Amino acid sequence: MAADPRTTTDFDAVIIGAGFAGLGMLRQLREELGMSIQVYETGSGVGGTWYWNRYPGARCDSESYVYCFSFSKELLQDWNWSGKYPEQPEILSYLNHVADRFDLRRNIQFDTRVTSAKFLEDTNRWLIETDQGDCVTARFLITGIGCISTGNIPDIPGLDSFEGDWHHTGSWPHEKVDFVGKRVAVIGTGSSGIQAIPVIAKQAKRLSVFQRTPQYSIPARHETVDRRFIEEDVKPNYDEIWEKARWSRSGFPVEFSQRSALDVTEEERLEIYETHWAKGGFGFLHGTFADIRTDIRANDTVAEFVRSKIREIVDDPGTAEKLVPMDHPYGSKRALIDTNYFETYNRWNVELVDIRRSPIREITPKGIRTGDEEFEFDIIVFATGYDAMTGSFLKMDIRGRNDLPLKEKWSEGPKTYLGLQVSGFPNMFMITGPGSPSVLCNMPVAIEQHIEWISEFIEFLDENGIETAEAGINYESAWVSHVNEVAEPTMFMLANSWYLGANIPGKPRVFMPYAGGLGTYREKCNEIADNGYEGFILGSGSRRRPVATSAREA
Ligand code: NAP
């Protein structure tokens, strides 16, 4: 394909997205490698997920002291979080602070959506176009578009006719949505729904929760940050904390239990569950028993424990039974932690509608009609999740060699090497792409691992006069098989989750993240780099011409 006559600017790299990934990558490549960078961001400000997810109760499930960048020791010492878990407005302030402090805005064009990116084989450049009429070229195309950013609004007949307001949690209005005195519906009980429901319930006149799948959830035990812990245990020890987080299974500086739930007495087991329930948070998942993730008999013990807690918390036995998950193991969908989620069903103004039993038929001008009943609402909240991991890629027209659309390449599910590159799409890097452990981890730690690895790879290419790097097809196939093999014995395969694309009608059922753990993954990425970037085809000159590869049959 010939160079496009409309292009005016050639960059070293175009980065898509200005969330954690895009901001970190921009700083790294500009400051450490001196590259010319253009970032395109759809939003009017930085923040990515945290720019869009402004729904009531939105906060992160990672503890705040590790939900941040680690590249600047000064920043780590200067920034003070106010909550144990960071709230959306505070995370957004943090990312704005980072953008200002490191002077990142000058390379970011806001209110701009990348519509297409095509690899030009005659010049080895990416041609990138936006909805604002930009048409630029770049040697590298780097995506920082998030894994959970393309909202899923179910195709329910009649939505256009609804006379009230409706919002998706992932594209929440910037203006306050006033629920006071309103009849509100929330559809969906995933991470977003269970955060929003208790907060909306306190304001609304009536809240009806439309639940398809009941959930296991553990109390978060959210509170204001423990200043003594931060000043005495965290800030002086950040180096060790990050080291531990980087090599851990999930990007948290914690120990994973090695115990088996089946090797202890029932009394001991219950005591351990009770202790971790009281402490709250993700410690319940990693600190109790190792085999709850892999052995269904061990998992049954934890599932039964959480079910008993739900029955204990919820006053009305009928409502409690509707809330008790019976059709999937604990931890097979994204683990949830909450603040007063189950307690909310004891409020007089909250009702639970079981749409598994009586599905939503349509949205009417006045509300929602299920098989059994018609409900009237002023506001409908869609907490119905995302076309995760691949949706944001496939919204753009990305084409690699031979004009091959990524959509076609991924028609049977995403195919990547390490979740970092796609064969046939040279010099395109994905930060936290499908096939990487990202969504099973504390995100900033996973993101920084990719940022560092990509940056070192680019440095290697430059030092060796190599123009292009491209995943070899055999290595890509082997990685896809490995991702499947690792997921196979886990509980993840036993639920209809977005990890498997099961929430989107027609999406190929493929387990998308790498379940082998961040530390193991980091080790693999480092080994590949140490072996001269094994598995990548490295080419130079204006034509694809392999100059160096240790990939035997990449
Ligand atoms: P989600 O986990 O996919 O949950 C979506 C909910 O909507 C589920 O209850 C789902 O039911 C329901 N749903 C989907 N389509 C439906 C339909 N057609 N009719 C009725 N119900 C439908 O989405 P999410 O809650 O937005 O969370 C997505 C991910 O974002 C999380 O897993 C997490 O990784 C991240 N997140 C994190 C936080 C945090 O850190 N606290 C907060 C928000 C989001 P089924 O279960 O039956 O599919």
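On a predicted model such as this, the values are computed, not experimentally measured, just so you know. (Residues numbered from 1 in each chain as written. Predicted model: local features only at pLDDT ≥ 70, side-chain atom pairs only at ≥ 80, totals over all residues. Heavy atoms only, no water.)

**Digging into the overall build of the protein**
Thinking step 1. A tally of helices and strands in the protein yields 16 helices and 21 strands.
Thinking step 2. A globule of 554 residues ought to have a C-alpha radius of gyration of about 24 Å, and the protein, at 24 Å, matches this closely.
Thinking step 3. Projected onto its principal axes, the C-alpha positions of the protein cover 70 × 55 × 45 Å.
Thinking step 4. Burial analysis of the protein (554 residues in total) assigns 59% to the buried set.
Thinking step 5. Summarising the internal contacts of the protein: among those between residues at least 6 apart in sequence, 71% fall at separations of at least 24.
Thinking step 6. If you sum the accessible surface of the protein, you get close to 22300 Å²; carbon and sulfur atoms cover 48% of it.
Thinking step 7. Here the protein contributes 59 positively and 81 negatively charged side chains, and the mean placements of these two sets differ by 3 Å. (Helix = DSSP H or I, 4+ residues; strand = E, 2+ residues; numbered from the N terminus. Rg over C-alpha atoms; globule rule 2.2 N^0.38 Å. Buried < 20%, exposed > 50% of the residue type's maximum accessible area, 1.4 Å probe, protein only. Contact = heavy atoms within 4.5 Å. Areas by Shrake-Rupley, 256 points an atom, 1.4 Å probe, with all protein chains shown as cover. Lys, Arg positive; Asp, Glu negative; His and termini not counted. Charge placed at Lys NZ, Arg CZ, Asp CG, Glu CD.)

**Things to note about the nonpolar core**
Thinking step 1. Core analysis: the largest hydrophobic core is formed by 137 residues, its most contacted members being Tyr-94, Ile-142, Leu-418, Trp-453 and Phe-536.
Thinking step 2. At ten residues, helix 14 (residues 443-463) tops the list of elements feeding residues into this core.
Thinking step 3. Core analysis: the next-biggest nonpolar cluster, separate from the first, contains 22 residues, Ile-128, Leu-141, Ile-145 and Met-396 among them. (Core = buried A, V, L, I, M, F, W, Y, C linked by side-chain atoms within 4.5 Å.)

**Notes on the site of the ligand**
Thinking step 1. The full set close to the ligand counts 24 residues, and Asp-61, Thr-189, Ser-192, Arg-212 and Thr-213 are the nearest of them.
Thinking step 2. Here a nitrogen atom of the ligand sits 3.1 Å away from a polar atom, N or O, in the main chain of Arg-59.
Thinking step 3. Between Arg-212 and the ligand, the recorded distance is 2.8 Å, taken from a side-chain N or O atom to an oxygen atom.
Thinking step 4. Summarising the interface, the protein chains cover 88% of the accessible area of the ligand, which totals 900 Å² for the free molecule.
Thinking step 5. The element contributing the most residues to the shell around the ligand is helix 5 (residues 191-203), with three residues.
Thinking step 6. Its residues assigned to classes, the shell around the ligand shows nine nonpolar, ten polar and five charged. (Near = heavy atom within 4 Å. Polar contact = N/O pair within 3.5 Å; in protein donor to acceptor, adjacent residues only side chain to side chain. Nonpolar A, V, L, I, M, F, W, Y, C, P; charged D, E, K, R; others polar.)

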